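# Examining the three-dimensional arrangement
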Amino acid sequence: MSWRIVRLIYAREILDQLRDRRTVFMIAVLPLLLYPLLGMSVFQLSQFMREHEARVMVVGAEQLQQVPNLPPLFEAEHFAPETLGDPEWSKRITLDFTPRQSDTLIRDTTAKGSAEAGSTTKSDRISSYLTDNDADAVIIFPPDFALQLAQLRKQLKQRSPIDAEATTASDIRAIPEPEILYNSSSDESRLTHMRLQRILEQWRGQVTRQNLQASNVPANITRPFKIKPFDIAAKPQRDAVLWSKILPFVLFVWALTGAFYPSIDLCPGEKERGTLETLLSSPALRAEIVWAKLLTIMTFSIATALLNLISLGATAQYVISQLRGIAEFGTGDGLSFPTLAALLWLVVALIPMAALFSALCLACAAFARSTKEGQYYFMPLFMIMMPLMILPMAPGVELDLGNCLIPVTGMVLLLRSLIEGHYAATLPFILPVAGITFLCVLLAIRGAIELFQQESVLFRESERLDLRRWIIHLVRNRRPTPQAAQAFTCVALIFIIQFFANLAISASAPADPGFSYFTLMILISQVVCIGIPAMLMTIVFTSQPWKTLRLDRIPTISSCLVALLLATFLHPIGQQLAIWISQIYPVSDDVAASSQAMVKMLKMAPYAWLPFVLIAILPAICEELAFRGFILSGFRHMGHKWWAIILSAVFFGLAHTILQQSLAAIIVGVVLGFLAIQTSSLVPCMLFHMTYNGLMFFSTQWNELTTDTIAKSSVLRWVLTEIAPGQTSYNLPVVLVCTLLVGLLLYWLGRLPYEQTEEERLQQLRARQQQSNDVTGEATSGS
């Protein structure tokens, strides 16, 4: 590959994109306008919340004058500043004490709790009252509120402190409560209710202190001590925590958005303009074209993210200070600008993330027939990436070994920790996050190059989907084995049926489940959810079902023996992997309880062989027919053996609903897929699956072995060790020996000849031709 050609194509693509007004608007104009407009909106909102003058109707306030020495609640048409604590806020609430004929009706409505029969409801009457009087809220004092309050104060003065305290506890509950009527569907009314609630609570506290003084009880008896918080975090550290939650999310969202629109114009846009054929017919290699387009998309992605970051930094300090100032009766402390080190970490992390987003967008754009279709692909990609970006913002999600292995999420958590200044705690996770990100970028770039290598993908004709004709075409023109689209359809069908079946099983679970319930659960999950969909699609959509399911050939004895040995030697490795996975992603208490309940149900089996049939034989048949039969046969038409193996293994792992089981099942699925292709038969896979699951089943019995039992047997002492009470594992030398034996068996399988699909042969031929072109290009450039 010649980087000189890549630079030439890159310069051409950059120039073409800068001529596009939409691209310039998305990259330069929108970031410069978006955040100032957002700041103006926040300013208007804060001004509204601060300066909105609420109008409140007060019913029954005249009776408060009958109680002598009562703390003042009202002063003219406003609340008393002494009660409110802030004279400015007292002027923003206007009170109306004017008596009306409807006051008696609304007071009776609230007192009864419901309207009279045959008339409007209580909510309708209150809403009509607020609307008719143009009020945001209403404060209603019950008719005998002041009288009972005065009687209580009189009793407190006549009793001793001990009796007064008892009287207060019994009589305060008998005093009718003032009521605030408001409309929660109105922003003005809801805000007014929040203010009134706080004001009346402050006034109630003043009345309580007066009552205590009247009964000669110290005012602090109701609050014998105070809680004094002390925040050890300095203001720059608090600001860094806030920036660490905002900046990575905004940066990566705009990096994804900035990568998508140029990719749409560079692939389907050139298809519509007819310029892609000219570029492909040039001496440049497909890989050089992809790299040039990828660098172009990366440039605009980084530029979009950085301009948004600059615009956000220019307005965020004012915006967030306004948001903090919205709080009632308080103002914010302001927000310091992010440190230079935090900005440098953001720029460093932006480069690999922009490469990842650019490669994913380029792959989606290469698959699209037109710009309109390409825009449809943005939403699924966006919906997949958004949870990965939002997950680090959830409470309790911290940077650990398990979370750092999640793509995108690990990078966001790493950035959060670096911006907050936790360098020592972040250092052990830099390499895992960088490795996972680099692997994802490499796979995404490889996928984009593979799509550009296939002209059947680049120049697909636009067509309308007629579901009826499509199904008839699939049935009438059946091929010997399924296509990749049919394999994906089978996977989707399995997951949908599995989802609703799990809901039905959970809803019908008995209080004390037994072995019959366990049997029903296994039959539904294996036969109904996995086996039947795969068999039906095999019969309907393929002309050679036996070939699709890899049952058209009798396997050799050697391949069956190797499958049995491979499962046996892989079991200790799988056990050790399960332990490591549980340490990285700890098992929740609910999952552990569910696993213990299943072990308990297995012990209730009427026959000793029946659990082995349900755990080992039935999954070996159903899951292999589905994932190594129909699905793997379909994926092989993509043209890559290992892509087919990995995809089928991933879906095989996802079919196991528990996360820890899914991760371990993916590794086993890769071995099973390799075994299925190399032996060209499903029987060795079934034998492997049955043996592996059988050993897993019997290993639950080993967990009951104690340390003394293991020590008494020389064989068990060499093979097993107790890592925790009730949990045994293989010794490390056993795991290492089994790893060596598994490697030898896989090497033997790799030397077996296997039948390639037509797409795999064409892909190999294309790869050889590409290598020849690379050698020719290097020789030409050297001369």
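Residues numbered from 1 in each chain as written. Predicted model: local features only at pLDDT ≥ 70, side-chain atom pairs only at ≥ 80, totals over all residues. Heavy atoms only, no water.

## Side note on the overall build of the protein
This is how it is decided: Secondary structure follows DSSP: runs of H or I at least 4 residues long count as helices, runs of E at least 2 residues long count as strands, and numbering of each begins at the N terminus. Only protein chains enter the accessibility calculation, which uses a 1.4 Å probe. A residue is then buried if its area is under 20% of the maximum for its type, exposed if over 50%, and partly exposed in between. The contact criterion used is simple: two residues touch if any of their non-hydrogen atoms lie within 4.5 Å. For the accessible areas, the method is Shrake-Rupley and the probe is 1.4 Å, while residue cover comes only from the protein chains on display.
Each helix and strand in the protein was counted, giving 34 helices and 8 strands. For the protein, buried positions account for 43% of its 783 residues. Restricting to contacts in the protein with at least 6 residues of sequence separation, those with at least 24 account for 77%. Of the accessible surface of the protein, which amounts to about 41600 Å², a share of 64% is contributed by carbon and sulfur atoms.

## Some details on the sheet that holds strand β4 (residues 93-96)
To keep it simple, the criterion reads: In short, DSSP must find at least two bridges between two strands for them to pair. Axis lines are fitted to C-alpha atoms, over the contacting stretch for helices. Their N-to-C directions set the angle, which ranges from 0 to 180 degrees.
If you trace the 4 strands from one edge of the open sheet to the other, you get β4-β1-β5-β6, paired in mixed fashion. Unpaired on one side and paired on the other, β4 and β6 (179-182) mark the two borders of the sheet. Taking the axes of each pair of neighbouring strands and ignoring which way they run, one obtains an average angle of 25° across the sheet. Sheet topology note: the strand β1 (residues 54-59)/β4 ladder contains 4 bridges and is parallel. Considered in β4, the bridge of V56 is made with L95. Here helix α9 (residues 187-214) sits on the sheet and contacts β1, β4, β5 (137-140) and β6; the angle it forms with β6, its principal contact strand, is near 170°.

## Side note on helix α10 (residues 235-266)
Selection rule: Under the convention used throughout, the expected extent of a helix is 1.5 Å for every residue step, that is, one less than its residue count. The bend reported for a residue corresponds to the angle between axes fitted to the seven residues ending at that residue and the seven starting there.
Over its 32 residues, α10 runs 46 Å from end to end, which matches the ideal 46 Å to within 8%, given 1.5 Å per residue. At W243, α10 shows its largest bend, some 30°.

## Overview of the pattern of salt bridges
Stated formally: We define a salt bridge as a contact between a side-chain nitrogen of Lys or Arg and a carboxyl oxygen of Asp or Glu at a distance within 4 Å.
Tallied over the full model, the rule gives 9 salt bridges. With a shortest N-O distance of 2.5 Å, R55 and D96 are connected by a salt bridge. Of the two residues, R55 sits in strand β1 while D96 sits in strand β4, which places them 41 residues apart along the sequence. Owing to a relative accessible area of 25%, R55 belongs among the partly exposed residues under this scheme. Owing to a relative accessible area of 10%, D96 belongs among the buried residues under this scheme.

## So, empty space enclosed by the protein
Let me state the cut-off plainly: Both site types are read off a 1 Å grid over the protein atoms alone. A 1.4 Å probe that fits but cannot get out defines a cavity, while an open set with protein on both sides within 12 Å along at least five of seven lines defines a pocket; lining residues have an atom within 4 Å of a point. Grid points are joined across faces, edges and corners, and a volume is the space filled by probe spheres set on the points. Think of it as three bins: nonpolar holds Ala, Val, Leu, Ile, Met, Phe, Trp, Tyr, Cys and Pro, charged holds Asp, Glu, Lys and Arg, and polar takes everything else, Gly as well.
Enumeration according to the criterion identifies 2 cavities of 30 Å³ or more in this entry. When its volume is computed, the largest cavity comes out at roughly 60 Å³. L570, I573, G574, L577, A664, I667, V668 and Y692 together form the lining of the largest cavity. At the level of elements, α25 (557-584) and α29 (659-679) are the ones that each hand at least two residues to the lining of the largest cavity. Per-element accounting of the lining of the largest cavity gives the leading share, 4 residues, to α25. Among the residues making up the lining of the largest cavity, the classes are represented as 7 nonpolar, 1 polar and no charged. Of the volumes computed, that of the second largest cavity is approximately 40 Å³. The wall of the second largest cavity is formed by T23, M26, I27, T257, G258, Y261, P262 and T304. Residue assignment for the lining of the second largest cavity shows that the elements contributing at least two residues are α2 (21-51) and α10. Counting residues per element, the lining of the second largest cavity draws most heavily on α10, which supplies 4 residues. Classifying every residue of the lining of the second largest cavity by side-chain character gives 4 nonpolar, 4 polar and no charged.

## Re a nonpolar patch on the surface
Under the convention used in this document: Two distance rules govern patches: like charges are joined within 9 Å, and nonpolar side chains (Val, Leu, Ile, Met, Phe, Trp, Tyr) within 5 Å, applied only to residues with over 30% relative accessible area and no salt bridge.
A cluster of nonpolar side chains, L18, V24, F25, V29, L33, L37 and M40, forms an exposed patch at the surface whose accessible area comes to about 620 Å². The greatest single-element share of the nonpolar patch, amounting to 6 residues, is contributed by α2.

## Considerations on the packing of aromatic side chains
Short version of the rule: Any Phe, Tyr or Trp ring, taking Trp's six-membered ring, that has another such ring centre within 6.5 Å forms a pair; planes under 30 degrees apart are called stacked, those over 60 apart edge-to-face, and the others tilted. Remark: a charge is flagged as sitting over a ring if the NZ atom of Lys or the CZ atom of Arg is within 6 Å of the ring centre and within 35 degrees of the ring normal.
If you walk through the whole model with that rule in mind, you get 20 aromatic pairs. Considering the side-chain rings of F627 and F652, the 5.5 Å spacing of their centres and the 70° angle between planes classify their relative orientation as edge-to-face. Of the two residues, F627 sits in helix α27 (residues 610-635) while F652 sits in helix α28 (residues 641-654), which places them 25 residues apart along the sequence. Each member of the pair F627 and F652 is classed as buried. Each residue in the set F74, F79, F141 and F145 is aromatic and connected to the rest through ring pairs, giving one cluster. Taking NZ or CZ as reference, R628 lies 4.3 Å from the ring centre of F652, over its face.

## Some points on the pairing of β1
Of all 6 residues making up β1, 5 are buried, and the element is well covered by its neighbours. Here β1 pairs with β5 via 4 bridges, running parallel. Bridge pairing in β5 places M57 opposite V138.

## As for the nonpolar core
Where a protein is soluble and globular, its nonpolar side chains tend to be buried together. Defined as follows: What makes a nonpolar core is a set of buried Ala, Val, Leu, Ile, Met, Phe, Trp, Tyr and Cys residues whose side-chain atoms join them at distances within 4.5 Å.
Core analysis: the largest hydrophobic core is formed by 70 residues, its most contacted members being F252, L256, F357, L362, M389 and V408. Elements represented by at least two residues in this core include exactly α1 (3-18), α10, α12 (276-280), α13 (286-325), α14 (340-367), α15 (371-390), α17 (409-419) and α19 (430-453). Ranked by residues supplied to this core, first place goes to α14 with 14 residues. Excluding residues within four positions of it along the chain, V408 makes contact with M353, L356, F357, M385, L388 and M389.

## Focus on the confidence of the model for the protein
Short version of the rule: Per-residue confidence from the predictor is reported as pLDDT, which spans 0 to 100.
Taken over all residues, the pLDDT of the protein has a mean of 79, while the share at 70 or more is 81%. Counting interchain partners and residues more than four positions distant, the pLDDT-below-50 stretch residues 114-119 has 8 contacts. For the stretch residues 167-171, pLDDT sits under 50, and the model shows 7 contacts to residues farther than four places along the chain or on other chains.

## Quick look at the side chain of Q498
Take Q498: it is sitting in helix α22 (residues 484-507). Take Q498: its relative accessible area is 10%, and that puts it in the buried class. With near-sequence residues (within four places) excluded, Q498 lies in contact with C529 and A655.

## A closer look at the side chain of D265
Short version of the rule: N or O atoms closer than or at 3.5 Å make up a polar contact, with two conditions inside protein: a donor-capable atom paired with an acceptor-capable one, and, for residues adjacent in sequence, both atoms drawn from side chains.
As for its placement among the helices and strands, D265 is situated in helix α10. Judged by relative accessible area, D265 falls into the buried class, the value being 11%. Side-chain polar atoms of D265 contact the side chain of Q17, separated by 2.6 Å. Contacts of D265, omitting those with residues within four sequence positions, involve Q17, D20, R22, E270 and R273.

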